[in-house]
Amino acid sequence: MSHDTIPQPTPAAPSGGSSPAAGAASSSSSNAAATTQLQHHHHHHRLPNFLLSVNLKYVKLGYHYLISNLITLLLLPLLSFLFVHLDLLSLLSHLHYDHLHAVLAFSVLLVFALTLYFMTRPRSIYLLDYSCYRPPTHLQAPLHRFMEHSRLTGDFDGSSLEFQRKILERSGLGEETVVPEAMHSIPPRPSMQTAREEAEQVMFGALDNLFAATGVKPKDIGILVVNCSLFNPTPSLSAMIINRYKLRGNISSFNLGGMGCSAGVISIGLAKDLLQVHRNTYAVVVSMENITQNWYFGNKKSMLIPNCLFRVGGAAILLSNKPADRRRAKYKLVHVVRTHKGAEDKAFRCVYQEQDDAGKTGVSLSKDLMAIAGDALKTNITTLGPLVLPISEQLLFFFTLIARKLLNFKIKPYIPDFKLAFEHFCIHAGGRAVIDELEKNLDLSEEHVEASRMTLHRFGNTSSSSIWYELGYIEAKGRIRKGHRVWQIAFGSGFKCNSAVWQALRNIKPSPKSPWLDCIDRYPVEIPA
């Protein structure tokens, strides 16, 4: 059979309806089973009220991060005071000869301390710019086309088709999200070659725009970090980039696989650590996911959900540790906080790639996913809190926690207000339920989660790159001003919850060729309930 492109159904057909062939395939009993499964799925997609219980050891961890930089915080004011308020030359003229050795010893100690500080202080990491890949419009998959294609493949029974339709209707995805070209053929063409083609289009599309926007030459890149969970060919994705752009032979390159939707923040953390070691250089981070070889063609409900949510997307980010780059940088990296729950069996298996009973491979989502995500988030923000919250919030939170945990007082727990720490929130657009529950638990406003909801609507779940589409949305709206703080937070298999905190160094304008530029005036749109 030839690989024909799927015909588009007539526009007059209602989006929620099914074709006659689909209707014949779906019996009333299968629809009832799908509805029952969907209700069960929806019941478990609720975050627990994780802020009502906090583990003291994670508070201690956050304060450990803070205290580890205390010497630096105290040394600079002390040295400034000594130089401003002490006239050392006048002091020397009044000292006797036998006191000079003490003054000389102090001077040597002072020089040593200053040298040690400037040699060991963390280097500032600057984000010069980033680029999000915009998929071509001819690969868009509106709901009616998605459902017709799924029916024509012949891989899904009536119950599975109905389940996917209901998931899509409630997912928050719009009509312009994109699936790979190989999935638009009948039958689909999931091969190593088509997967490579998808990877090349996404990575090279984002990188071409990034290099053009910044003027940085590929030969000047000293560090390359690529993350993609489910497609790890040989040679690696990072090697594909090195070959395409002829990067230098001594580049430090890394390819991260299997780390889920939070791997984008992990890659930023790795690049940050490498930039502390390698002086005066640039780092490029590429975050993406590959769908072509990871589409599920079976009928297990828990493995069908990724088909409905994941879409094509990717981002390339340019970082620098050069002090001279501060004046042209958009943001400064302030914190990266990582939380891993992989030691717990339930957390380890809640997002799990496996084969179903028919031998078809896919990613299974556990019914406990939302509870596990809530626990990971609780741990992450408890660690992050002491680093970012105002001292008033920290004191209220800390004393309330001590009173409840150690003194057994029956008082209501104090929930810190993270809106006092951040002006903007980029919550991984993993799904509508995650965004809704975080909005409620963190007491965020509609505007705070707008970027996440609109990214899910326009581009779908683009995995580790979604937080960059969200930042692009906020920039395109013209909301980021100098000094504003941005919280990127993402969840991923393992199970992980990771945060990155950025501070704007100037009033931010959208990047050239931003994927939002031609549609930002249409947003926000109302998401049907």
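Scope of this entry: the structure provided in the associated data block.

Scoring rules and cut-offs
- Residues numbered from 1 in each chain as written.
- Predicted model: local features only at pLDDT ≥ 70, side-chain atom pairs only at ≥ 80, totals over all residues.
- Heavy atoms only, no water.
- Pairing = 2+ DSSP bridges.
- Helix = DSSP H or I, 4+ residues; strand = E, 2+ residues; numbered from the N terminus.
- Right-handed = clockwise from strand over helix to strand, strands pointing away.
- Axes fitted to C-alpha atoms, helices over the stretch in contact; angles between N-to-C directions.
- Buried < 20%, exposed > 50% of the residue type's maximum accessible area, 1.4 Å probe, protein only.
- Lys, Arg positive; Asp, Glu negative; His and termini not counted.
- Salt bridge = Lys/Arg side-chain N within 4 Å of Asp/Glu carboxyl O.
- Polar contact = N/O pair within 3.5 Å; in protein donor to acceptor, adjacent residues only side chain to side chain.
- Contact = heavy atoms within 4.5 Å.

So, about the pairing of strand S5 (residues 252-256). As defined by bridge partners, strand S4 (residues 221-227) adjoins S5 across five bridges and the pair is classed as parallel. Opposite Leu 224, over in S5, you have Ser 253 as the bridge partner. Handedness of the S4-helix H10 (residues 237-245)-S5 crossover: right-handed.

Next up on the list: the sheet that holds strand S2 (residues 126-132). In space, the nine strands of this open sheet follow the order S5-S4-S6-S7-S2-S8-S13-S12-S11, with mixed pairing throughout. This sheet does not close on itself; its edge strands, each paired only once, are S5 and strand S11 (424-427). Averaged over all pairs of adjacent strands, the angle between strand axes in this sheet comes to 20°, irrespective of strand direction.

What follows deals with the side chain of Glu 470. Relative to the helices and strands, Glu 470 resides in helix H18 (residues 466-476). Salt bridges are absent for the buried Glu 470, whose nearest opposite-charge side chain, Arg 453, sits at 11 Å. Of note is the side chain of Glu 470, whose polar atom sits 3.1 Å from the backbone nitrogen of Ile 427. Excluding anything up to four places from it in sequence, Glu 470 contacts Cys 426, Ile 427, His 428, Ala 429, Ala 451, Ser 452 and Thr 455.

Evaluation of the coordinates by the stated rule reveals 25 salt bridges. The residue Glu 162 makes a salt bridge to Lys 166 at a minimum N-O spacing of 3.9 Å. With Glu 162 and Lys 166 both in helix H8 (residues 158-170) and four residues apart, the pair spans about one turn of that helix. Both residues of the pair, Glu 162 and Lys 166, count as buried. Here Asp 375 ties to Lys 341 by a salt bridge, and the two come within 3.3 Å at their closest N and O atoms. Linking Asp 375 in helix H14 (residues 369-388) with Lys 341 in the loop between strand S8 (331-340) and helix H13 (345-349), this pair joins segments that are 34 residues apart in sequence. Residue classification places Asp 375 among the partly exposed positions, given a relative accessible area of 24%. Residue Lys 341 is classed as buried on the basis of its relative accessible area of 7%. Linked through salt bridges whose partners overlap, the residues forming this network are Glu 162, Arg 165, Lys 166 and Glu 169.

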